[in-house]
Amino acid sequence: MEFCLDISGDFACFTRPEMKVERVSYDVITPSAARSVFEAILWKPAIRWQVTRIEVINPIRWINLRRNEVGSVISSRNVKTAMTAGKGHLGLYIEEERQQRAGLLLRDVRYRLYAEFHLTAKAGGGDNAAKFADMFRRRAEKGQCINQPYLGCREFACDFTLVSDADPLPLPLTQDIDLGWMLYDMDYSDPSSPNPLFFRAQMIQGRIDIPDLNSPEVFA
């Protein structure tokens, strides 16, 4: 069963992995970022979301912005030590770790995302597709989510609406763009060394068809 979400936001940044210092966004939302929007509404170990299509509604607009970022994270070793000892210093002083980075971001974005889910090996005896479909539909219609969906970076929150077949839909962009090699998702088969997956993204009349994860079009 396929679901459709209409999402929009003031800013977005789907960072190109080849950019090491500055934040430079892809032209449109990536499949992994689109998947995270669906997972923000409903995530269960028993299901895996597969994005099938992305439609770009608003024209692609850019903005240059300089932002403050934190240059490090709390050490996992310190966290484990504190958990074992029952106490420890887990603070991070922003003033000492602050970095300013320039970014080429998207603004005034709007997309229509299509996705379906598949049951995983972790599905139990009482799990079935109809059960999870009802859960997702009910939560999406009420605007409920596990965490606030965002557009690439957590500070760029997005609004979402569940689209039904009866809803009047604005047409996507009448534009064709070869978006080149785009990040598809991360392969966590080896949790200690996740690998990025890529595919060749083509936007035809505002529509990007997303291949299946196991398709030969997706490669490391």
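Look up: the structure comes first, before these words.
Here we summarise the structure given alongside this text. In this text the structure is predicted, and so the values were computed from the model without any measurement. (Residues numbered from 1 in each chain as written. Predicted model: local features only at pLDDT ≥ 70, side-chain atom pairs only at ≥ 80, totals over all residues. Heavy atoms only, no water.)

### Examining empty space enclosed by the protein
- This structure, assessed with the given rule, holds 1 cavity of 30 Å³ or more.
- Residue lining of the largest cavity: Asp27, Val56, Asn58, Pro59, Ile60, Arg61, Leu106, Arg107, Val109, Arg110 and Tyr111, and that is the complete set.
- The biggest single contributor to the lining of the largest cavity is strand E5 (residues 98-119), with 5 residues.
- In terms of residue class, the lining of the largest cavity is made up of 6 nonpolar, 1 polar and 4 charged. (1 Å grid on protein atoms, 1.4 Å probe; cavity = no way out; pocket = protein on both sides within 12 Å on 5 of 7 lines; lining within 4 Å. Points joined across faces, edges and corners; volume = space filled by probe spheres on them. Helix = DSSP H or I, 4+ residues; strand = E, 2+ residues; numbered from the N terminus. Nonpolar A, V, L, I, M, F, W, Y, C, P; charged D, E, K, R; others polar.)

### A closer look at the nonpolar core
- Judged by nonpolar contacts, the single largest core of 52 residues is most densely connected at Ile7, Tyr111 and Phe136.
- Examining the composition of this core, we find that 7 residues originate from one element, E5, more than from any other.
- Once residues within four sequence positions are removed from consideration, Phe136 is found in contact with Phe3, Leu5, Phe38, Ile41, Leu42, Trp49 and Leu162. (Core = buried A, V, L, I, M, F, W, Y, C linked by side-chain atoms within 4.5 Å. Buried < 20%, exposed > 50% of the residue type's maximum accessible area, 1.4 Å probe, protein only. Contact = heavy atoms within 4.5 Å.)

### Some remarks on the pairing of strand E3 (residues 47-56)
- Burial analysis of E3 places 9 of its 10 residues in the buried class, which makes it a mostly covered element.
- As judged from the 9 bridges shared by E3 and E5, these two strands associate in the antiparallel manner. Counterpart to Ile47 in the pairing with E5 is Leu119.
- Pairing of E3 with strand E11 (residues 207-209), which is carried by 3 bridges, proceeds in the antiparallel orientation. (Pairing = 2+ DSSP bridges.)

### Describing the packing of aromatic side chains
- With the rule as written, the count across this model stands at 12 aromatic pairs.
- Judged by centre distance (6.5 Å) and plane angle (85 degrees), the rings of Phe117 and Phe132 are edge-to-face. Linking Phe117 in strand E5 with Phe132 in helix H4 (residues 129-142), this pair joins segments that are 15 residues apart in sequence.
- Classification of Phe117 by relative accessible area gives buried; the value is 10%.
- Taking relative accessible area as the criterion, Phe132 reaches 3% and is therefore assigned buried.
- Between the aromatic rings of Trp181 and Phe219, the centroid separation amounts to 5.3 Å while the plane-to-plane angle is 85 degrees, which identifies the pairing as edge-to-face. With Trp181 in strand E9 (residues 177-187) and Phe219 in the segment after E11, this residue pair connects regions lying 38 residues apart in the sequence. (Phe/Tyr/Trp six-rings, centres within 6.5 Å; stacked < 30°, edge-to-face > 60°.)

Such coordinate-based values are descriptive only and should not be taken to indicate function.
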